[in-house]
Amino acid sequence: MNTAPIPAPADEPRWLSAGEQRVWRSYIEAATLLEDHLDRQLQRDAGMPHVYYGLLVKLAESPRRRLRMTELARYAKITRSRLSHAVARLEKNGWVRREDCPSDKRGQFAILTDEGYEVLSRTAPGHVNAVRQAVFDRLTPEQQKSLGEIMRIVAEGLQPSEAGADLPWLR
């Protein structure tokens, strides 16, 4: 007698088990609360949302504190339109400026200004403290390692490598 489970038809959804549902809902709740926590800290300390802080960090880490707008959008995983709006706000604050790309008439660089670097330097200690309190202080070193490995696997699985993929920074 064959006791193997009968597979669901191909068009039938693979519903989450009760345990998977608990994990998924815990992840959604934690991700939402963490993003809100970091946004509130950065709005309070620097008047900017978390995504803007990430843009400043990436520019600060780049050679000559400059990056092509397309690369910055790819890093931030946001649409070019959203990036353009964010950079316009950062320009208005004097934290970023744009320059045309001499080798590509359509391309532009985003450049972190000295003022932007100072804001980032002042804001970073409070931000790292918020991250540490919200995540790392709550986890053992083993849990931290597991979380890093899990998130890397999920991120790698969600990054399409084929040409013509529907990616936010190409929209």
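Scroll up to find the structure.
Given the structure is predicted, the values throughout are model-derived calculations rather than measurements.

Draft legend 1. Summary view of the pairing of strand 3 (residues 104-112). Pairing geometry for strand 1 (residues 66-68) and strand 3, over three bridges, is antiparallel. Bridge assignment links R68 to a residue of strand 3, and that residue is F109. The sheet contact formed by strand 2 (residues 96-101) and strand 3 spans six bridges and is antiparallel. The residue bridging R98 from the neighbouring strand is A110, located in strand 3. Joining the antiparallel neighbours strand 2 and strand 3 is a turn of two residues.

Draft legend 2. Inspection of the nonpolar core at higher detail. With 24 residues, the main nonpolar core has M48, L56, L72 and L83 as its most contacted residues. Contributions of two or more residues to this core are made by helix 1 (18-46), helix 2 (50-61), helix 3 (69-76), helix 4 (80-92), strand 3 and helix 5 (114-134). Looking at this core, the element that brings in the most residues is helix 2, giving five residues. Apart from the residues within four sequence positions on either side, L56 is in contact with M48, L90, W95, V96, L112 and L120.

Draft legend 3. Spatial organisation of a nonpolar patch on the surface. Judged by side-chain polarity, L16, W24, Y27, I28, L147, I150, M151, V154 and L158 come together as a nonpolar surface patch covering roughly 840 Å² of accessible area. Secondary structure elements with two or more residues in the nonpolar patch: helix 1 and helix 6 (141-158). Of the residues examined, W24 reaches a relative accessible area of 45% and is grouped as partly exposed.

Thresholds applied
- Residues numbered from 1 in each chain as written.
- Predicted model: local features only at pLDDT ≥ 70, side-chain atom pairs only at ≥ 80, totals over all residues.
- Heavy atoms only, no water.
- Pairing = 2+ DSSP bridges.
- Helix = DSSP H or I, 4+ residues; strand = E, 2+ residues; numbered from the N terminus.
- Core = buried A, V, L, I, M, F, W, Y, C linked by side-chain atoms within 4.5 Å.
- Buried < 20%, exposed > 50% of the residue type's maximum accessible area, 1.4 Å probe, protein only.
- Contact = heavy atoms within 4.5 Å.
- Patch = residues over 30% accessible without salt bridge, like charges linked within 9 Å, V, L, I, M, F, W, Y side chains within 5 Å.
- Areas by Shrake-Rupley, 256 points an atom, 1.4 Å probe, with all protein chains shown as cover.
- Salt bridge = Lys/Arg side-chain N within 4 Å of Asp/Glu carboxyl O.

Geometric descriptors of this kind do not, in isolation, establish any biological role.
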